[in-house]
Each structure stands twice: as structure tokens, then as C-alpha cells.
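Now for the letters of each chain:
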Amino acid sequence: MADKPVRADKADAVAELVDKFQNSSATVLTEYRGLKVSQLTQLRRSLGRETTYAVAKNTLAKRAAVEAGLEGLDVLFTGPTALAFVGGDAVEAAKGLRDFAKTHPLLVIKGGVFEGKAISAAEVQKLADLESREVLLAKLAGAMKANLSKAAAVFQAPLSKMARTAAALQDKKAAGAEAPADGAEAPADEASAEA
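Residues numbered from 1 in each chain as written. Predicted model: local features only at pLDDT ≥ 70, side-chain atom pairs only at ≥ 80, totals over all residues. Heavy atoms only, no water.

(A) How the structure looks around the overall build of the protein chain. For the protein chain, the count of helices and strands is six helices and five strands. Ordered by position from N to C terminus, the α and β elements of the protein chain give α-β-α-β-α-β-α-β-β-α-α. Looking at the 195 residues of the protein chain, the share that counts as buried comes to 30%. Excluding contacts between residues fewer than 6 apart, the proportion of contacts in the protein chain whose partners are at least 24 apart in sequence is 80%. Of the roughly 12700 Å² that the protein chain leaves accessible, carbon and sulfur atoms contribute 59%. (Helix = DSSP H or I, 4+ residues; strand = E, 2+ residues; numbered from the N terminus. Buried < 20%, exposed > 50% of the residue type's maximum accessible area, 1.4 Å probe, protein only. Contact = heavy atoms within 4.5 Å. Areas by Shrake-Rupley, 256 points an atom, 1.4 Å probe, with all protein chains shown as cover.)

(B) The packing of aromatic side chains, seen in detail. Applying the stated rule across the entire model yields one aromatic pair. Between Phe21 and Phe85, the ring centres sit 5.4 Å apart and the planes meet at 85 degrees, which makes this aromatic pair edge-to-face. Of this pair, Phe21 sits in helix H1 (residues 8–23) while Phe85 is found in strand E3 (residues 81–86), placing the two residues 64 residues apart along the sequence. For the pair formed by Phe21 and Phe85, the shared burial category is buried. (Phe/Tyr/Trp six-rings, centres within 6.5 Å; stacked < 30°, edge-to-face > 60°.)

(C) Focus on the packing of H1 against helix H3 (residues 58–67). Across the interface, H1 lies against H3 with an axial gap of 8 Å and an inter-helix angle of 55 degrees. In terms of axis orientation, H1 runs oblique to H3. Relative to H3, the crossing made by H1 is right-handed. Residues Lys10, Ala13, Val14, Leu17, Val18, Phe21 and Gln22 of H1 form the contact with H3, whose participating residues are Leu60, Ala61, Arg63, Ala64, Ala65 and Glu67. The residue makeup of the contact of H1 with H3, split by class, is nine nonpolar, one polar and three charged. (Axes fitted to C-alpha atoms, helices over the stretch in contact; angles between N-to-C directions. Parallel < 35°, antiparallel > 145°, perpendicular 65-115°, else oblique. Left-handed = near helix turned anticlockwise from the far one by under 90°. Nonpolar A, V, L, I, M, F, W, Y, C, P; charged D, E, K, R; others polar.)

(D) Main features of the pairing of E3. Counting buried positions along E3 yields six of six residues, so the element is predominantly enclosed. Residues Thr81, Leu83 and Phe85 of E3 are buried on one face, and the alternating residues Ala82, Ala84 and Val86, pointing to the opposite face, are buried as well. The pairing of strand E1 (residues 26–31) with E3 spans six bridges and is antiparallel. Looking at the pairing, Leu29 lines up with Leu83 of E3. (Pairing = 2+ DSSP bridges.)

What is shown is where atoms sit, not what they do.
Encoded structure:
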């Protein structure tokens, strides 16, 4: 199949698909059989501007995947196939596809490509279950801030302990200086009482 010459218009379509495969952070293959055009339009909108969702002929998409150096996708190119080329956050796109598939069961996620490797439909689901990049970065920033606060408290602890110790010593000295004076006065009072 890869040996047959390709017409110019098909060669252009393959070249475009190769470019999309190579320049996408991820690609998800879906089957859209039975979905209406309005539903596909709704899906495209829900995926955002950084993800393009396109219907492709299996033979052309398979050839483009081979030319892009992707292996393990041959079995996914059966039935009507549409490709979601993700330009931004792969997690967000996977979530969008998963959520759309929940409300429209005719959309079937077949698998895809993530970081240059073929992934199964179950792995796309796992990708969708991850939190978005922004949420993970916010959690990381919060954890780092908490650790910095703990470090500041640890570094501050010896200084405050030393200050409390110095205050306690000062109080002890003051109490010790007053105690002998009180003790010295007591025998004098006893002496005057005996006289």
C-alpha cells in the first residue's frame, strides 16, 4: 500500500496530515459514525482553538502516520475515523473528548498518539483523568509555598527559642536576686522578734 504512487491532491492531503501529526502534542483517533454535523460542530467548539478535529480517509491517515514515523496505529484506522490534533494541553483535549463521548455515546475513542508513542483508548481515558496543567502548577506552587513557610519557621525557631531562653534566664536572675534579699530580711525579723 505504501508502494503505490499517490495522486497530487492526495499527496497534499497526506503532507498536511504528516505536518499535523508531527506538530501536535497529541492526537486522538475517534469513530464518529452516527453523529450529526451539528454534534460534530459542537464537539469542535468544545475542544477549543488549539485542537483541530478533522475527518480523514483511513488510507491517507495511515500513510501519513507512517511518514510521520508513528507506529502502532494501523489497527486504529478502521471504520469512519476522525482525528483530534491537539496543539495545546493534551489533558484538556482528552477531557473534552471523554466528556463529549459520555453525553454522545456514538463518539468512540479508539486510541491515539501522545509524546510520539501510540496509546490505547484506556490510556486516553487515564490522560483525561489527570488534572490540567494549570491545576498541577497551582498545586506545585502551593506546596512550594508551604515548604518555604515551614523552612522559615524552622530557621526562625532557634532565634525565638534563644530569645525565650534569655528572657527566662533574666527572670530567673531577677527572681534569684530578690530571693536572697527576702531570705536575708526574714532572719532579721526573727532576730528582732526574739529580742
